Amino acid sequence: MRLPRTVIVLGLVSFLNDAASEMITPLLPVFLTAVLGSGAAVVGLVEGVAEASASFLKIVSGRLADRGWRHKRLVLGGYALSNLCRPLIGLATAWPWVLGLRFLDRIGKGLRTAPRDALIAAATPEPLRGRAFGFHRALDNAGAVAGPLLAFALLRQDVPMTQVFLWSALPGALVLALLAFGLKEPARPAVAPKPPPLRWRALDPHLQGLILAGGALALAAAPEVFVVLWATGRGLEIAWVPLLWAAASAIKTPLALLGGEASDRLGRRAVLLGGWGVRVAMLVALALARDGVWLTWTLFLGYAGALALTEGPERALIGDHAPPARRATAYGLFHMVVGLAALPGGLLFGTLWQWWGSTVAFLCSAAVTALAAAILAWLTRRQPIFRPASPGNS
């Protein structure tokens, strides 16, 4: 069965947007530390604020979409704000400017994320929902291959890092053109009824477990920008950072699709618990690894792959168990909790790294990640782990 047009268009949008974003992201920790002279704690602050800043807006935009605001306008406005602000990071002369621009970039993400995910869930029947979100995440990660490769090519031509940031405006412009002319607004009632509030006690246990576990995962997260610092600390040259980042995204692309399709067959819970278990193992390996070029590449790619396995199933599970009239709000709630936990999580990880070293930081991250998996397993303990994601069973 073919995926709907909405899923394909939004997948292509994510491909182009990530190409623009990932021209910058892998270079950002190097830009902050080597060019602007900041420490690891500042890197953690910038990334934490970047993820947490849009948290409340995600649930607000989801609520607005459920109340009848046009999904397409919310999505287009969010992508427009990000792609106007992001390239300007190249003009920053101090880390507070980077912080401010990353804040605006993530505000754009907060505006678009919940309505976009709701569009995908609404356009796709449940037996294909894991595949649809896996496809979307796969194209998102494919864009994260193209972006670093473009940055790598520019750097190898001796283009300054700051100008690489400015070049990211080109794929960003294509994002806005594709959304404006390629995405169709779904039909809606003449007068959209006000949806009932989303109450925590009324949520399905799967949703409660995923939201709580997602917050714990964000609190425990080892941001990939820190894995970049880990790699450069082991001797990786700066010019090769975009290539390593691209390779990681190349690994993520098939694994995101595989994880989503596997959750359609095996059930969301099985894939989530398995993927989070792999993530714990990779964090421990990062903490205890010895020096070696090939080992550095292998662990970096392995950690990236572990992250990708659960991207599709997380979003598909929300689509399965959220009431249709409050689906965008449910996505907003999930993303809000994850974003709010990201700020203290990024600061904590950066502080642990700066004061006690990367080994302690990665081991603490592994411990809390294992706790997050236990939360989901406990709250959904009455369901068998392996269960097909048919209507009502995931």
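This one's a predicted model, so the numbers in the text were calculated from it and none came from an experiment. Along each chain, numbering runs from 1 in the same order as the chain's sequence is written. Two thresholds apply to this predicted model, a pLDDT of at least 70 for residue-level local features and 80 or more for giving and counting side-chain atom pairs, whereas whole-chain, interface and lining totals are computed over all residues. Excluded from the side-chain calculation are hydrogens and water; included are all heavy atoms of the structure.

**Some words on the pattern of salt bridges**
- We define a salt bridge as a side-chain nitrogen of Lys or Arg found within 4 Å of a carboxyl oxygen belonging to Asp or Glu. Scanning the entire structure with this criterion turns up 11 salt bridges.
- When the shortest N-O distance is used, the salt bridge between Asp264 and Arg268 registers 2.7 Å.
- Only protein chains enter the accessibility calculation, which uses a 1.4 Å probe; a residue is then buried when its area is under 20% of its type maximum, exposed when over 50%, and partly exposed in between. Assessed through its relative accessible area of 16%, Asp264 is described here as buried.
- Note on Arg268: relative accessible area 0%, which makes it buried.
- Notably, a salt bridge pairs Asp320 with Arg268, separated by 2.6 Å at the nearest N-O pair. With Asp320 in helix H15 (residues 311-321) and Arg268 in helix H13 (residues 268-288), this residue pair connects regions lying 52 residues apart in the sequence. With respect to class, Asp320 is no different from Arg268; both count as buried.
- Each member of the salt-bridge network shares a partner with another, and the members are Arg86, Arg102, Asp105 and Arg106. Only DSSP runs of H or I covering at least 4 residues are called helices, and only runs of E covering at least 2 are called strands; the numbering of each starts at the N terminus.

**Quick look at the confidence of the model for the protein chain**
- One number per residue, pLDDT, summarises how confident the predictor is, and it ranges from 0 to 100. With 88% of its residues at a pLDDT of at least 70, the protein chain reaches an overall mean of 81.
- Only heavy atoms matter for contacts: two residues are in contact if any of them lie within 4.5 Å across the pair. Across residues 389-394, where pLDDT falls below 50, the model places 16 contacts with residues more than four positions away in sequence or in other chains.

**Focus: a nonpolar patch on the surface**
- Each patch is assembled from residues with relative accessible area greater than 30% and no salt bridge, linking like charges that lie within 9 Å and nonpolar side chains (Val, Leu, Ile, Met, Phe, Trp, Tyr) that lie within 5 Å. Each accessible area value is a Shrake-Rupley result obtained with a 1.4 Å probe; residue values ignore everything except the protein chains displayed when judging cover. A surface patch of nonpolar side chains, about 260 Å² in accessible area, is lined by Leu88, Leu91 and Leu166.
- In this fold, Leu88 is placed in the loop between helix H5 (71-85) and helix H6 (95-123).
- With relative accessibility at 38%, the residue Leu88 sits in the partly exposed group.

**Thoughts on the environment of Asp105**
- Here Asp105 is to be found in helix H6.
- With 20 residues separating them in the primary sequence, Asp105 and Cys85 have C-alpha atoms 6.0 Å apart.
- If we skip the residues at most four places from it in the chain, Asp105 touches Ser82, Cys85 and Arg86.
- For Asp105, the side chain forms a polar contact with the side chain of Arg106, separated by 3.3 Å. As used in this structure description, the phrase polar contact means that two N or O atoms lie within 3.5 Å; if the pair is within protein, one of them must be able to donate a hydrogen and the other to accept it, and residues adjacent in sequence are counted only when both atoms belong to side chains.

**Structural notes on helix H10 (residues 205-220)**
- Expected helix span is taken as 1.5 Å per residue step, with the number of steps being one fewer than the number of residues. Compared with an ideal rise of 1.5 Å per residue, which puts 16 residues at 22 Å, H10 spans 22 Å between its outermost C-alpha atoms and is within 8% of the ideal.
- Of all 16 residues in H10, 13 are buried, a share of seventy percent or more.

**Quick look at the side chain of Ser61**
- Assignment of secondary structure puts Ser61 in helix H4 (residues 55-66).
- Look at Ser61 and you get buried, because its relative accessible area is 1%.
- Apart from residues lying up to four places away in sequence, Ser61 is in contact with Leu74, Gly110, Leu111, Ala114 and Pro115.

**Remarks on the environment of Val337**
- As for its placement among the helices and strands, Val337 is situated in helix H16 (residues 327-356).
- Residue Val337 is classed as partly exposed on the basis of its relative accessible area, which comes to 23%.
- Sequence separation of Val337 and Gly214 is 123 residues, and the distance between their C-alpha atoms is 7.4 Å.
- Apart from the residues lying within four places of it in its own chain, the contact partners of Val337 are Ile211 and Gly215.

**Re the packing of aromatic side chains**
- Pairs were defined over the aromatic rings of Phe, Tyr and Trp, the Trp ring being its six-membered one, requiring ring centres within 6.5 Å. Orientation was assigned from the angle between planes: stacked under 30 degrees, edge-to-face over 60, tilted for the rest. Per the stated rule, a full pass over the model turns up 3 aromatic pairs.
- Geometrically, the ring pair formed by Phe31 and Phe165 is edge-to-face, given 5.3 Å between the ring centres and 75° between the ring planes. Of this pair, Phe31 sits in helix H2 (residues 28-35) while Phe165 is found in helix H8 (residues 161-167), placing the two residues 134 residues apart along the sequence.
- Judged by its relative accessible area of 1%, Phe31 is buried.
- Judged by its relative accessible area of 0%, Phe165 is buried.
- A centroid spacing of 5.5 Å and a plane angle of 65° characterise the contact between Phe349 and Phe362, whose relative ring orientation is edge-to-face. Pair noted here: Phe349 is in helix H16 and Phe362 is in helix H17 (residues 358-379), with a separation of 13 residues, a long-range link.
- Given the relative accessible area of 3%, Phe349 is considered buried.
- By relative accessible area, which is 0% here, Phe362 ends up buried.

**Quick notes on helix H1 (residues 5-21)**
- Over its 17 residues, H1 extends 24 Å from the first C-alpha to the last, a length consistent with the 24 Å expected when each residue adds 1.5 Å.
- Burial analysis of H1 places 13 of its 17 residues in the buried class, the great majority of the element.

**Notes on the packing of H2 against H6**
- Between N-to-C directions, angles cover 0 to 180 degrees, with each direction set by a line fitted to C-alpha atoms, over the stretch in contact for helices. At their nearest, the axes of H2 and H6 sit 11 Å apart, and the two run at 160° to each other. Regarding the angle of H2 to H6, the classification is roughly antiparallel. Relative to H6, H2 is oriented so that their crossing is left-handed. Here Leu28, Phe31 and Leu32 of H2 come into contact with H6, specifically with Trp95, Val98 and Arg102. Each angle is binned into one of four classes, with values under 35 degrees roughly parallel, values over 145 roughly antiparallel, values of 65 to 115 roughly perpendicular, and all other values oblique. The sense of a crossing depends on the near helix, which, turned anticlockwise from the far helix by less than a right angle, makes the crossing left-handed and, turned clockwise, makes it right-handed.

**Concerning the packing of H10 against H17**
- It is the contact of H10 with H17, at a shortest axis distance of 8 Å, that shows an interaxial angle of 175°. By the criterion of interaxial angle, the relationship of H10 to H17 is roughly antiparallel. In contact with Pro205, His206, Gln208, Gly209, Leu210, Leu212, Ala213, Ala216, Leu217 and Ala220 of H10, H17 contributes Ser365, Val368, Thr369, Ala372, Ile375, Leu376 and Leu379.

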